[in-house]
Each structure stands twice: as C-alpha cells, then as structure tokens.
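Letter by letter, the chains look like this.
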Amino acid sequence: MQIPIFIVDAFTEQLFFGNPAAVCLLEDKLEEDLHQKIATEMNLSETAFVRKLHPTDDFAKSSCFGLRWFTPTNEVPLCGHATLASAAVLFCKKKNINSSLTFVTLSGELNARQAEDHIILDLPLYLTYPQWPESQKPTPDMNTQALLPAEKTGRVKGLILTLKGRFTGKPKGYDFYSRYFAPWNGVPEDPVTGSAHAVLSSYWSQQLGKKEMLAFQCSSRGGELKISLRNDGRVDIGGHAVIVLTGNLTLKSE
C-alpha cells in the first residue's frame, strides 16, 4: 500500500521557513492506529490526513474531503497550518479545479479558498479570557520543559505569548506578534500556529479596534498571517505555502 505524502511549509513564501506539515492523501480508510504511527514517524508538529468521503471522489475534481490532524503524540481538534498545507497540496499538486474546498473535521466544516497568490482559511473565532495576573505573566524566555510539571490538570493544551506590534504598512509592519508552546501535545514550540490566531484575532481586534490585521509568529522559522474578522463569528486567516517534498509512504504488510 502506498500513500502519497507531501511536506509543506505553511504561512511563508520562503523555503525552510514557516511551519512544516506532512500531508497524506488517503484513497481509502486507514487503519486507526496507523494515523498516529505515521505522525510519530514524520515527527512534525502536525501530520494531516486528507481522505475521500466517497469512492467516486477525485482529488482533482471533488470539493469536499475529510481531514484529521495528528501531532507526534495525539490527535488534535483543529490545526490551521496543516489545513493550509492540505489545501496547497490539492490546489497546487493535484490541480484541483475548484476555487474553494470544504474539509469535514472534528471542528466542523472548514473552508479554504484561493485568493490571488495565497490561500484563505475560514476558521471559527474563539473569544478570549486572559487569566494571568500582571505579576505572574510568563516571559518569552521561559524553558518549555518547565511547563510540563507546572500544569498537570490536563486542561491546558497550549500557551500563547503575544505582544503589540507597530503597524507601519509598507515595508512590512505587524499589528501583533506571538509565540506558541504546546509541550502537552508533544510540540515544545510550534513555528506558526493558525489555530492560535483564531484566538489571538479576537483578543487583538478588541485591543486595537481593528478587523483587518497582519500578524507575525516570531519563532526561529517565523511566519506571516493575514487576518480578517467576519460578521458571522468566524475569521479568515490567509497565508502562503511552499511545497518542499513530494513522495510516497509505503506500508508493507507483515
């Protein structure tokens, strides 16, 4: 059994920047335990599995697919950068004829559409409730390994650090910056996190009084996100993607 697999750098126009995700295209259902085994083998922050919903579906012609995301340790309910990567594979490698794609996921139906030279994701917008007292706010230089023993309730899945930017237009200025840590999901620091910006968009829109924003996640790889809050309680997050690797994953029966 061979599975087409791709590695895509999401939220960047430059090779080896942004957030890398593996994307597997599934013709048929995969044995459940193989999803996690493949994701662990890929050892990227996310591995996406795009599957046909019906036997007659076609990766080049159909507009609706199933989508799941796995970190090296577990399945997650939402991942923005791996969704962007999945759409990039379908649009750019499979030459999908549709201008918009729908993914059926654990977070409901997510849409991805082509817009000029980038892809826009339609994601749920999450309200924010900051919890840190001013005297106890975490700092960007904190050791991510220290987070694991500090939080054992199982309620916390990730930690976002963010600060206001200086938006100056061209050349590039950003409305806000962020970093994202998720050691509880096997990801010490995520390079660029689309789902975190479904939260950050709400927070910074309130703080800045803006619905259109440009954000930068300042990990060592870095990535840019174009944000537009909608009136229906959702947010459009746009970004570029670079396909780095194309191949096949061979699964041999024992």
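Just so we're clear, the structure is a prediction, and the values are computed from it rather than from any experiment.

The rules behind these values
- Residues numbered from 1 in each chain as written.
- Predicted model: local features only at pLDDT ≥ 70, side-chain atom pairs only at ≥ 80, totals over all residues.
- Heavy atoms only, no water.
- Buried < 20%, exposed > 50% of the residue type's maximum accessible area, 1.4 Å probe, protein only.
- Helix = DSSP H or I, 4+ residues; strand = E, 2+ residues; numbered from the N terminus.
- Pairing = 2+ DSSP bridges.
- Expected span 1.5 Å × (residues − 1).

Visitor: Is there a simple way to explain the pairing of strand E10 (residues 176-182) in this structure?
Guide: Successive residues of a regular strand alternate their side chains across the two faces of the sheet. The element E10 is extensively covered by neighbouring structure, given that five of its seven residues are classed as buried. Summarising the sheet, strand E9 (residues 159-164) and E10 pair through six bridges and their orientation is antiparallel. Looking at the pairing, Leu159 lines up with Phe181 of E10. With three bridges joining them, E10 and strand E12 (residues 212-217) adopt parallel strand pairing. Residue pairing for E12: Tyr177 is matched across the bridge by Phe216. Between the antiparallel neighbours E10 and strand E11 (residues 187-190) lie four residues, among them Gly186 with a positive phi of about 75°.

Visitor: Is there a simple way to think about helix H2 (residues 80-93) in this case?
Guide: In an α-helix, one turn spans 3.6 residues, which is why side chains three or four residues apart end up on the same side. With 14 residues, H2 should reach 20 Å at 1.5 Å per residue; the first-to-last C-alpha distance of 19 Å fits that figure. If you check which residues of H2 are buried, you get Gly80, His81, Ala82, Thr83, Leu84, Ala85, Ser86, Ala87, Ala88, Val89, Leu90 and Phe91.

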